[in-house]
Amino acid sequence: MNKEFNTVGFGHPCFNPDATLYHGRVHLPVAPKCNIKCKYCDRKTGCVNENRPGVTTKIMDPYEAILYAKKMLKKEPRISVIGIAGPGDPLYNDETFLTFKLISLEFKDMIKCLSTNGLLLSDKLPLLINCGVSTITVTINAIDPNIGKEIYDYAIYKDNTYKGINAAKLLIEKQLEGIEAACDNGLLVKVNTVLIPGINDKHIDDIAKKIKELGVAIMNIMPLIPQAEFSHLKAPKCNELEKVRLQNSKIISQMYHCRQCRADAAGLLGDDI
Ligand code: SF4
Ligand code: SF4
């Protein structure tokens, strides 16, 4: 059981701030589709001038993605992590699993990483373990469905579409189930939580306590980027974000150095190539 930070985390710049000087990451944008709709999501392909999650210059097929990884590694040999972070949900795209298999063949020593909304995590966990994925990030913005229903429009699961509170209930149940199973199977798990003022800002400590209990290694509270259906909301101010992080650091380790990266980001954090 992996309830604590393990050696993989030391070489992963998102899990260990001290690793940011020596270790970078490359994201392979092979996963365009998503099975939920977060109200702050605005995915874009063909985008070169924005630095945020959900954007990429292009969607790559798995073989093209491997060539991209090789090219990036040549430019920045300090890359130690190959991850799939969208622009949709990696677990909802079969290309993700072929890409990880190819990564295992081509880059034996790389840490394989994935970020997900968690809806399919428990279902796909055996496949992820089989592909050698050792670190995952799950985005959890609520553990109370009454708050979740304000954040998610719908969730698609096994060909059924759930809306409103039913979508939030299902998503939260699957996220927590998936995280517990991932931790129990020795994966290193980070939780990202988008701080959405007026919606989940009074609920962050409930999330922190729950994920700590499940064995999550680190929490990354990220500021809302006001866009899409949440474009009318305000992003939290730096001091508000810092306050929430500090409060929750008493419950679970916090990440303070997230760069809210693109789905095709490559290089050291903060020094993309
Ligand atoms: Fe967008 Fe990610 Fe939410 Fe899917 S899970 S809607 S890709 S932000
Ligand atoms: Fe790491 Fe944050 Fe970038 Fe994800 S978005 S790769 S957690 S720095």
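Residues numbered from 1 in each chain as written. Chains lettered and ligands numbered in written order. Predicted model: local features only at pLDDT ≥ 70, side-chain atom pairs only at ≥ 80, totals over all residues. Heavy atoms only, no water.

- By the naming in an unreviewed UniProt entry, the chain goes by FeMo cofactor biosynthesis protein NifB and is assigned to Thermoanaerobacterium aotearoense SCUT27.
- The UniProt entry for the chain carries this comment under Cofactor (unreviewed entry): "[4Fe-4S] cluster".
- Its UniProt record gives the chain a comment under Sequence similarities (unreviewed entry), which states: "Belongs to the radical SAM superfamily. NifB family." (UniProt positions renumbered as here; feature names shortened; annotations may be inferred.)

**Quick notes on the UniProt feature "domain: Radical SAM core" (unreviewed entry) in the chain**
Phase 1: When the UniProt feature table is mapped to this numbering, "domain: Radical SAM core" (unreviewed entry) covers residues 20–259.
Phase 2: Between the first and last C-alpha atoms of residues 20–259 the distance is 11 Å; the span itself is 35% helix and 22% strand. (Helix = DSSP H or I, 4+ residues; strand = E, 2+ residues; numbered from the N terminus.)

**Examining the site of ligand 2**
Phase 1: The local shell around ligand 2 consists of Cys-14, His-27, Lys-190, Met-255, Cys-258, Arg-259, Gln-260, Cys-261 and Leu-269.
Phase 2: The cavity that encloses ligand 2 is the largest cavity.
Phase 3: The residue makeup of the shell around ligand 2, split by class, is five nonpolar, two polar and two charged. (Near = heavy atom within 4 Å. 1 Å grid on protein atoms, 1.4 Å probe; cavity = no way out; pocket = protein on both sides within 12 Å on 5 of 7 lines; lining within 4 Å. Sits in = over half its atoms within 2 Å of the grid points. Nonpolar A, V, L, I, M, F, W, Y, C, P; charged D, E, K, R; others polar.)

**What about the pairing of strand β8 (residues 152–157)?**
Phase 1: Across two bridges, the pairing between strand β2 (residues 36–38) and β8 is antiparallel. Counterpart to Ile-36 in the pairing with β8 is Ala-155.
Phase 2: Sheet topology note: the β8/strand β9 (residues 160–163) ladder contains four bridges and is antiparallel. Bridged to Tyr-154 within β9 is Lys-163. (Pairing = 2+ DSSP bridges.)

**As for empty space enclosed by the protein**
Phase 1: Taken as a whole and assessed by the stated rule, the structure comprises one cavity of 30 Å³ or more.
Phase 2: Its boundaries defined by the atoms lining it, the largest cavity holds a volume of some 910 Å³.
Phase 3: As for the largest cavity, its lining consists of 47 residues, and the residues nearest its centre are Pro-53, Ala-85, Ser-115, Thr-139 and Asn-192.
Phase 4: At the level of elements, β1 (24–27), β2, β5 (79–84), β6 (111–116), β7 (135–139), β10 (188–195) and β11 (218–223) are the ones that each hand at least two residues to the lining of the largest cavity.
Phase 5: The greatest single-element share of the lining of the largest cavity, amounting to four residues, is contributed by β6. (Points joined across faces, edges and corners; volume = space filled by probe spheres on them.)

**With respect to the site of ligand 1**
Phase 1: In the vicinity of ligand 1, the residues found are Cys-34, Ile-36, Lys-37, Cys-38, Tyr-40, Cys-41, Arg-43, Pro-87, Gly-88 and Asn-117.
Phase 2: Tallied by class, residues from the shell around ligand 1 come to six nonpolar, two polar and two charged.

**Description of the nonpolar core**
Phase 1: Leu-28, Ile-136 and Ile-179 are the most contacted members of the largest nonpolar core, which has 71 residues in total.
Phase 2: Counting residues per element, this core draws most heavily on helix α6 (residues 164–184), at eight residues.
Phase 3: Every residue in contact with Leu-28, bar those within four places of it in the chain, is listed here: Ala-65, Tyr-68, Ala-69, Ile-82, Gly-83, Ile-84, Gly-86, Thr-99, Ile-103 and Ala-263.
Phase 4: Counting nine residues, the second largest nonpolar core, distinct from the first, contains Cys-14, Leu-188, Met-255 and Ala-265. (Core = buried A, V, L, I, M, F, W, Y, C linked by side-chain atoms within 4.5 Å. Buried < 20%, exposed > 50% of the residue type's maximum accessible area, 1.4 Å probe, protein only. Contact = heavy atoms within 4.5 Å.)

**Let's talk about helix α7 (residues 204–214)**
Phase 1: Every buried residue of α7 is accounted for by Ile-204, Ile-207, Ala-208, Ile-211 and Leu-214. Each buried residue of α7 sits inside an arc of 130 degrees when the element is viewed along its axis, so together they form one side.
Phase 2: Of the surrounding elements, those touching the buried residues of α7 are α6, β10, β11 and α8 (238–248). (Arc of directions from axis to C-beta.)

**Thoughts on the sheet that holds β11**
Phase 1: Sheet architecture is open: eight strands sit in the order β11-β10-β7-β6-β5-β1-β12-β13, paired in mixed fashion. Two strands bound the open sheet, and with one partner strand each, they are β11 and β13 (271–272).
Phase 2: Direction of pairing for β1 relative to strand β12 (residues 266–268): antiparallel, over a ladder of two bridges. Residue pairing for β12: Arg-25 is matched across the bridge by Gly-267.

**A closer look at the packing of aromatic side chains**
Phase 1: For the structure on display, the rule yields zero aromatic pairs.
Phase 2: Directly above the aromatic system of Tyr-92 lies the positively charged group of Lys-33, at a separation of 5.2 Å from the ring centroid. (Phe/Tyr/Trp six-rings, centres within 6.5 Å; stacked < 30°, edge-to-face > 60°. Lys NZ or Arg CZ within 6 Å of the ring centre and 35° of its normal.)

**Side note on the environment of Ser-104**
Phase 1: Turning to its location among the elements, Ser-104 is positioned in helix α3 (residues 95–106).
Phase 2: Ignoring any residue separated from it by four or fewer positions in sequence, one finds Ser-104 in contact with Lys-112 and Cys-131.
Phase 3: Here Lys-112 takes part through its side chain, which lies 3.3 Å from a polar atom of the side chain of Ser-104. (Polar contact = N/O pair within 3.5 Å; in protein donor to acceptor, adjacent residues only side chain to side chain.)

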